[in-house]
Amino acid sequence: MASVEVSCTPPRSRREPEGRAQRQDKYSVLLPTYNERENLPLIVWLLVKSFSESGINYEIIIIDDGSPDGTRDVAEQLEKIYGSDKIVLRPREKKLGLGTAYIHGMKHATGNYIIIMDADLSHHPKFIPEFIRKQKEGNFDIVSGTRYKGNGGVYGWDLKRKIISRGANFITQILLRPGASDLTGSFRLYRKEVLQKLIEKCVSKGYVFQMEMIVRARQLNYTIGEVPISFVDRVYGESKLGGNEIVSFLKGLLTLFATT
Amino acid sequence: MRTTTPRRRRGGGAWLVNDFRTPTSGPLGEEEDAGTRGKAVTMTKLAQWLWGLALLGSTWAALTMGALGLELPSSCREVLWPLPAYLLVSAGCYALGTVGYRVATFHDCEDAARELQSQIQEARADLALRGLRF
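Residues numbered from 1 in each chain as written. Chains lettered and ligands numbered in written order. Predicted model: local features only at pLDDT ≥ 70, side-chain atom pairs only at ≥ 80, totals over all residues. Heavy atoms only, no water.

K.L.:
Can you walk me through the UniProt feature "transmembrane region" (unreviewed entry) in chain B in this structure?
P.N.:
Residues given the UniProt feature "transmembrane region" (unreviewed entry) here are residues 46-63 and 83-104 of chain B. Note that residues 83-104 of chain B is 100% helix and 0% strand, and that its end C-alpha atoms are spaced 31 Å apart. (UniProt positions renumbered as here; feature names shortened; annotations may be inferred. Helix = DSSP H or I, 4+ residues; strand = E, 2+ residues; numbered from the N terminus.)

Given below as structure tokens:
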């Protein structure tokens, strides 16, 4: 928007095609997958649509953790359809943590911004242009999607799930005062070097991992912008929120409370 | 080369969260100052809570026990004595009220779900044309 053209008028009057002077931003989407054969082509299609409609330079890095359902085969087909400059495959042998998936994917990322999201269609790529706009607007280090503000929301949650979610969020806000409204969400945009630094510092797993990223970001004084998103719970496949998740969430929350 | 002006934060409207940092560092200075910025000494959240509670608790204890030698009027003492209980109950009510309100006003994104469904149909058709075997 309000960017000032630094006009370094060259002494020689060569008329080269414009746009070379300004480095173009590139966005690398990291998609960790495990048994997402149904969803992967759909999310990739939506991503391609969203990016090409808004003329954004992008690549999609698929990190499949040895899914037994043939996710990798579908990913290879997608690579052929959209080209290996847009679809980059970085599979791993077996299921390892989310943090290491990001590290693994980032090693090969050529973009200066990284977008992380779920591949199960709960995060819609139509929000990505809004993330980018928000990032530029405030020159933020991180832009986080939020279900809890503005027009944000969820689909497919019953009352119990909503109460747990809102309750957990309330407690988290009180205890950690993290400076962002949606800590457990995983639809975010990071500057590449910021994500790298944060992953180095984070130790937890699962829901708590996303939470820790924001808490550490605040410790390091990174700035966070927020964009309201709608979260459509898994269309295909099972969504899970069991007692185990709640217990490990509370454990992680208390750990962060006591250590940060 | 990047040419972004350090923009002044806008107070209202934007979903702006962190206001504690002055917008000085540009994208280029990020790498160096992230290290030094992190070194600011801060208490853990747990320590902050304990300090706060200890401070409030000791103030309350000092006043009710009359440790300061103050002769508070008896009406004051009557209010002061059960004050922690009142505070606890009202904090609980606030929590329940807030969570209840937020649950009640949690958006159900029916439109988003419908839009997604129709786009899925479109995507399937298009991908099949491009030769994807599902």
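K.L.:
What am I meant to see in the pattern of salt bridges here?
P.N.:
Once the charged atoms of two side chains with opposite charge are near each other, the side chains can pair. Applying the stated rule across the entire model yields 16 salt bridges over all chains. The shortest N-O distance in the salt bridge between Glu38(A) and Arg124(B) comes to 3.1 Å. Of this pair, Glu38(A) sits in the loop between strand E1 (26-33) and helix H1 (39-53) while Arg124(B) sits in helix H5 (residues 110-129), on two different chains. With its nearest N and O atoms 3.1 Å apart, the salt bridge here joins Asp126(B) to Arg130(B). The exposure class assigned to Asp126(B) is partly exposed, which follows from its relative accessible area of 22%. (Salt bridge = Lys/Arg side-chain N within 4 Å of Asp/Glu carboxyl O. Buried < 20%, exposed > 50% of the residue type's maximum accessible area, 1.4 Å probe, protein only.)

K.L.:
Explain the UniProt feature "domain: Glycosyltransferase 2-like" (unreviewed entry) in chain A to me, please; I cannot follow it from the model alone.
P.N.:
UniProt records the feature "domain: Glycosyltransferase 2-like" (unreviewed entry) for residues 28-198 of chain A in the present numbering. Helix makes up 43% of residues 28-198 of chain A and strand 19%, whereas the separation of the span's terminal C-alpha atoms amounts to 17 Å.

K.L.:
Sorry if this is basic, but what is going on with the pairing of E1(A) here?
P.N.:
A regular strand places its side chains on the two faces of the sheet in alternate fashion. Residue and element names in this part refer to chain A. In terms of residue burial, E1 counts as a mostly covered element, since eight of its eight residues are buried. Neither face of E1 is exposed, since Lys26, Ser28, Leu30 and Pro32 on one face and Tyr27, Val29, Leu31 and Thr33 on the opposite face are all buried. Direction of pairing for E1 relative to strand E2 (residues 57-64): parallel, over a ladder of eight bridges. Pairing of Leu30 across the sheet is with Ile61, part of E2. Considered for its hand, the β-α-β crossover made up of E1, H1 and E2 is right-handed. (Pairing = 2+ DSSP bridges. Right-handed = clockwise from strand over helix to strand, strands pointing away.)

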